[in-house]
Amino acid sequence: MKRVACVTGADRGLGLSLVRSMLAKQFTVFAGQYMKESEELKALKEQYPEQLELIPLDISNKDNVKQAARAIASKTGYVDIIINNAGIIHSADDATMLVDMDDEGMAEIYNVNTLGALRVSNALMGLLLQSKDELIVNISSEAGSIGRNKRINMYGYCMSKAALNMQSSLMHNHLKTLGGQVMVFHPGWMQTYMHGQKNEQADISPEASAGQIVNLVLEYKKYLGEEPAYLDLDGSSWPW
């Protein structure tokens, strides 16, 4: 029986690398595509025509998420793994409390990073419950860890990831009674496009991060417990 995964934010960076890694592990992958054109996803589709399905997906829009879920349901009767990777950061979020607060920008971050992941998990829950794996993977950040917080800014991003962690706990409490679980990852300081341009100063590539995440995901049963597994790339636990 083929294994099926859905990955959001698949256009570039970590999402694209997660799709590539899952394809290499013989998964059928539904790739949530936000940008209308993605040459790299197009090339992957040509390489894996039978394994990869490109699904237009804007997780900030509930109607679009429902439409994407219907498109996925028309092609498969189950989804084994949902990987909520899509996320944003706002340039105004760099400000401290000594300057004007961009609450609209913060609300936009929350709408994508926290509610967007919840929309996707909720919309695909029926398909997930048809699987024997029932695994949700949320890409969070050390920025969402209250126990290790040293920051004085990035209120919107940090709070959105902390809320994503709580969402993961709530979802896990539900899924564990049904045989499923939630895993949460800090993907490392990556060379991504979160600020619009690739961050070349970061110390890990999306490819390396994705490879380690996928390896841990494939061993998910080792981390099954009362609480969701909140993991670093080496498999060690992060404080909430």
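Keep in mind it's a predicted model, so treat the numbers as computed, not measured.

Colleague: Would you mind going over the sheet that holds strand E2 (residues 28-33) with me for this structure?
Modeller: Two strands in a sheet stick together by hydrogen bonds in their backbones, pointing the same way (parallel) or opposite ways (antiparallel). One open sheet accounts for 7 strands, arranged E3-E2-E1-E4-E5-E6-E7; its pairing is parallel. Only two strands of the sheet have a single partner each, and these edge strands are strand E3 (52-56) and strand E7 (229-231). Across the sheet, the mean angle from the axis of one strand to that of its neighbour is 15 degrees, orientation sign disregarded. As defined by bridge partners, strand E1 (residues 4-7) adjoins strand E4 (residues 81-84) across 3 bridges and the pair is classed as parallel.

Colleague: Honestly, the layout of surface pockets in this entry has me stumped. Any pointers?
Modeller: The probe, sized like a water molecule, is rolled over the atoms to show the empty space still left. In this model, the second largest pocket occupies a volume close to 160 Å³. Contributing to the lining of the second largest pocket are Ala143, Gly144, Ser145, Ile146, Asn149, Arg151, Ile152, Asn153, Tyr155, Cys158, Met159 and Ala162.

Colleague: Looking at this structure, I do not really get the pattern of salt bridges. What am I missing?
Modeller: Side-chain pairs of opposite charge can arise where the charged atoms are in close proximity. Summed over all chains, the structure comprises 4 salt bridges. Glu142 is paired through a salt bridge with Arg151; the nearest N and O atoms lie 2.7 Å apart. Residue class for Glu142 comes out partly exposed when judged on its relative accessible area of 21%. Lys222 is the partner of Glu219 in a salt bridge, and the nearest nitrogen-oxygen pair spans 3.3 Å. A residue is classified by how much of its surface remains accessible, and Glu219, at 38% relative accessible area, is partly exposed. Taking relative accessible area as the criterion, Lys222 reaches 60% and is therefore assigned exposed.

Colleague: Would you take a moment to explain empty space enclosed by the protein for this structure?
Modeller: Going through the model one piece at a time under the given rule, you end up with 2 cavities of 30 Å³ or more. If you go around the second largest cavity, you meet 13 residues; those closest to its centre are Cys6, Leu57, Ala68, Ile72 and Leu124. Elements represented by at least two residues in the lining of the second largest cavity include exactly E2, helix H3 (62-73) and helix H4 (103-123). A per-element tally of the lining of the second largest cavity places H3 first, with 4 residues. The residue makeup of the lining of the second largest cavity, split by class, is 12 nonpolar, 1 polar and no charged.

Colleague: So what exactly am I meant to see when it comes to the side chain of Lys161 here?
Modeller: Tracing the chain through its elements places Lys161 in helix H6 (residues 155-175). The side chain of Lys161 sits in the buried core without any salt bridge; Glu142 is the nearest counter-charge, 11 Å away. For Lys161, the side chain forms a polar contact with the main-chain oxygen of Ile139, separated by 3.0 Å. Beyond its immediate sequence surroundings of up to four residues, Lys161 is in contact with Asn113, Ile139, Ser140, Ser141 and Gly144.

What counts and how
- Residues numbered from 1 in each chain as written.
- Predicted model: local features only at pLDDT ≥ 70, side-chain atom pairs only at ≥ 80, totals over all residues.
- Heavy atoms only, no water.
- Pairing = 2+ DSSP bridges.
- Helix = DSSP H or I, 4+ residues; strand = E, 2+ residues; numbered from the N terminus.
- Axes fitted to C-alpha atoms, helices over the stretch in contact; angles between N-to-C directions.
- 1 Å grid on protein atoms, 1.4 Å probe; cavity = no way out; pocket = protein on both sides within 12 Å on 5 of 7 lines; lining within 4 Å.
- Points joined across faces, edges and corners; volume = space filled by probe spheres on them.
- Salt bridge = Lys/Arg side-chain N within 4 Å of Asp/Glu carboxyl O.
- Buried < 20%, exposed > 50% of the residue type's maximum accessible area, 1.4 Å probe, protein only.
- Nonpolar A, V, L, I, M, F, W, Y, C, P; charged D, E, K, R; others polar.
- Lys, Arg positive; Asp, Glu negative; His and termini not counted.
- Polar contact = N/O pair within 3.5 Å; in protein donor to acceptor, adjacent residues only side chain to side chain.
- Contact = heavy atoms within 4.5 Å.

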